[in-house]
Amino acid sequence: MGICASKRNSTDAVSKSMSQEQAPAEQAVSTNNDAGQPQVFAIMRMGHEVIRDGVKELQSKLKSRDAEAAAKYWLDLSRWLDMHKLLEEGTGSNKTPKGFFRVLDDKFDKVATKEGLFDQHQALDKVEASMARASAKKNLAMMNGEVDLFAREMEDHLKKEEDVMMPKVQQMKKDGASSKKIMRNEVLALLRSKPDEEWDFFVTFACRTLAKRAMISPLRTFCQALWGVATPAEWKKWSVTIQKAVSEEAWNQMQPGFV
């Protein structure tokens, strides 16, 4: 909205605990059609791991007492958080593209609204605003005073979203909903309508963040989900962006999945 070893171990374990969501993303995306592809929603789910790792990186920079680096990183992290939130909330309209929360509301009796996901975003906005003020002043004491609350509130929110959304993603799969069309038309279109540099930043920040993990599976899952929703022309561009963001070794490990 630096990864210590214990966090890295626990968050990388998400790949195993999410077998229904992630394992298909490492398999069926190669068909580049919608058959058996609810895993394209992994763009959103892996976005949560980007946020978790981003918060840890911010905390690490603050612990190193580098106010300049922390403030600069906050600008990037908060920019990415705004993009992720846009994909979830939309622009407030129930017309296409409406955002992921409103897709869930439409399909599951206002579940996102009833479960307070929109309200939680408003609460997080206040916490992020306090963090932004401290960051703008490059005041270490202020930033350290805000970051732990920000981290706690963000983690609680991410867990809440996952508890609500992941079962619904699986239900949409069972119901035969076109996950690719939903992601392209109702979710990603919100960001794709903006200048190309916005999309490039979204992909680059996510890939660079996930690439720092010891296990490649979250990065691979995110990239394969992108590939699963991309047209051939889009993937030609997006793959270049990804290659610039990650190491050659990481790209080569993922490459067999993009065929």
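Everything numeric here is computed off the predicted structure, so don't read it as measured data.

Here is what the cut-offs are and how they apply
Residues numbered from 1 in each chain as written. Predicted model: local features only at pLDDT ≥ 70, side-chain atom pairs only at ≥ 80, totals over all residues. Heavy atoms only, no water. Helix = DSSP H or I, 4+ residues; strand = E, 2+ residues; numbered from the N terminus. Buried < 20%, exposed > 50% of the residue type's maximum accessible area, 1.4 Å probe, protein only. Areas by Shrake-Rupley, 256 points an atom, 1.4 Å probe, with all protein chains shown as cover. Disulfide = S-S within 2.5 Å. Salt bridge = Lys/Arg side-chain N within 4 Å of Asp/Glu carboxyl O. pLDDT = per-residue confidence, 0-100. Contact = heavy atoms within 4.5 Å. Phe/Tyr/Trp six-rings, centres within 6.5 Å; stacked < 30°, edge-to-face > 60°. Polar contact = N/O pair within 3.5 Å; in protein donor to acceptor, adjacent residues only side chain to side chain. Core = buried A, V, L, I, M, F, W, Y, C linked by side-chain atoms within 4.5 Å. Axes fitted to C-alpha atoms, helices over the stretch in contact; angles between N-to-C directions. Parallel < 35°, antiparallel > 145°, perpendicular 65-115°, else oblique. Left-handed = near helix turned anticlockwise from the far one by under 90°.

Description of the overall build of the protein
Logical step 1: Of the regular secondary structure elements, the protein holds 14 helices and zero strands.
Logical step 2: Along the protein, helices (α) and strands (β) appear in the sequence α-α-α-α-α-α-α-α-α-α-α-α-α-α when read from the amino end.
Logical step 3: Here the protein holds 259 residues, and 53% of them are scored as buried.
Logical step 4: Surface exposure of the protein reaches about 11,700 Å², of which carbon and sulfur atoms provide 49%.

Concerning the state of the cysteines
Each disulfide is one covalent bond, formed between the sulfur atoms of two cysteines.
Logical step 1: All told, the structure shown has zero disulfides when counted by the stated rule.
Logical step 2: C207 takes part in no disulfide bond, and the closest cysteine sulfur to it belongs to C223, at a distance of 3.8 Å.

What about the pattern of salt bridges?
Logical step 1: As enumerated under the stated definition, the model contains 18 salt bridges in all.
Logical step 2: A salt bridge links R52 to E155; the shortest N-O distance between them is 2.8 Å. With R52 in helix α4 (residues 42-63) and E155 in helix α9 (residues 140-175), this pair connects stretches of sequence that are 103 residues apart. With respect to burial, R52 and E155 carry one shared label: buried.
Logical step 3: A salt bridge links K114 to D109; the shortest N-O distance between them is 2.8 Å.
Logical step 4: Classification of D109 by relative accessible area gives exposed; the value is 56%.
Logical step 5: Connected via shared salt-bridge partners are R45, E49, R52, D53, E155, K159, E162 and R213.

With respect to the confidence of the model for the protein
Detailed reading of predicted coordinates is not advised where the pLDDT is low.
Logical step 1: The share of residues in the protein with pLDDT of 70 or more is 85%, and the mean pLDDT across the chain is 86.
Logical step 2: Here residues 1-36 scores under 50 on pLDDT; set against residues more than four positions off or in separate chains, the count is 84 contacts.

Digging into the packing of aromatic side chains
Logical step 1: Scanning the model with the defined rule gives 11 aromatic pairs in all.
Logical step 2: Between the aromatic rings of W74 and F150, the centroid separation amounts to 5.3 Å while the plane-to-plane angle is 85°, which identifies the pairing as edge-to-face. Here W74, found in helix α5 (residues 67-89), pairs with F150, found in helix α9; they are 76 residues apart in sequence, far enough to count as distant. Here W74 and F150 have matching classes, each one buried.
Logical step 3: A ring pair is formed by W80 and F202, whose centres lie 5.0 Å apart and whose planes are at 0°; its orientation type is stacked. Of this pair, W80 sits in helix α5 while F202 sits in helix α11 (residues 196-210), and the two are 122 residues apart along the sequence. The same class applies to W80 as to F202, namely buried.

Focus on the environment of S60
Logical step 1: Summarising the element assignment, S60 is placed in helix α4.
Logical step 2: Between the C-alpha atoms of S60 and A70, which are 10 residues apart in sequence, the distance is 8.5 Å.

Re unusual backbone geometry
Logical step 1: Here the residue pair T96 and P97 is connected by a cis peptide bond, since its omega of -5° sits within 30 degrees of zero.
Logical step 2: At D109, a position not held by glycine, the phi torsion is positive, near 50°.
Logical step 3: Within the secondary structure layout, D109 lies in the loop between α6 (100-107) and α7 (111-114).

Section: the environment of E57
Logical step 1: Here E57 is to be found in helix α4.
Logical step 2: C-alpha separation for the pair E57 and W74, spaced 17 residues apart in sequence, amounts to 9.5 Å.

A few points about the side chain of R213
Logical step 1: Following the sequence through the fold, R213 ends up in the loop between α11 and α12 (217-229).
Logical step 2: Within the local environment of R213, its side chain forms a polar contact with the side chain of E49, the two groups lying 2.9 Å apart.

Structural notes on the nonpolar core
Logical step 1: By size, the foremost hydrophobic cluster in this structure holds 78 residues, and its most contacted members are F202, F222 and I242.
Logical step 2: When sequence neighbours within four positions are dropped, the list of residues in contact with I242 reads V203, C207, C223, L226, W235, W251 and M254.

Some thoughts on the packing of α11 against α12
Logical step 1: Between α11 and α12, whose axes approach to 8 Å, the crossing angle comes to 155°. By the angle class used here, α11 and α12 are roughly antiparallel. By crossing handedness, the relation of α11 to α12 is classed as left-handed. In this structure, α11 contributes W199, F202, V203, A206, C207 and L210 to the contact, and α12 contributes P218, L219, F222, C223 and L226.

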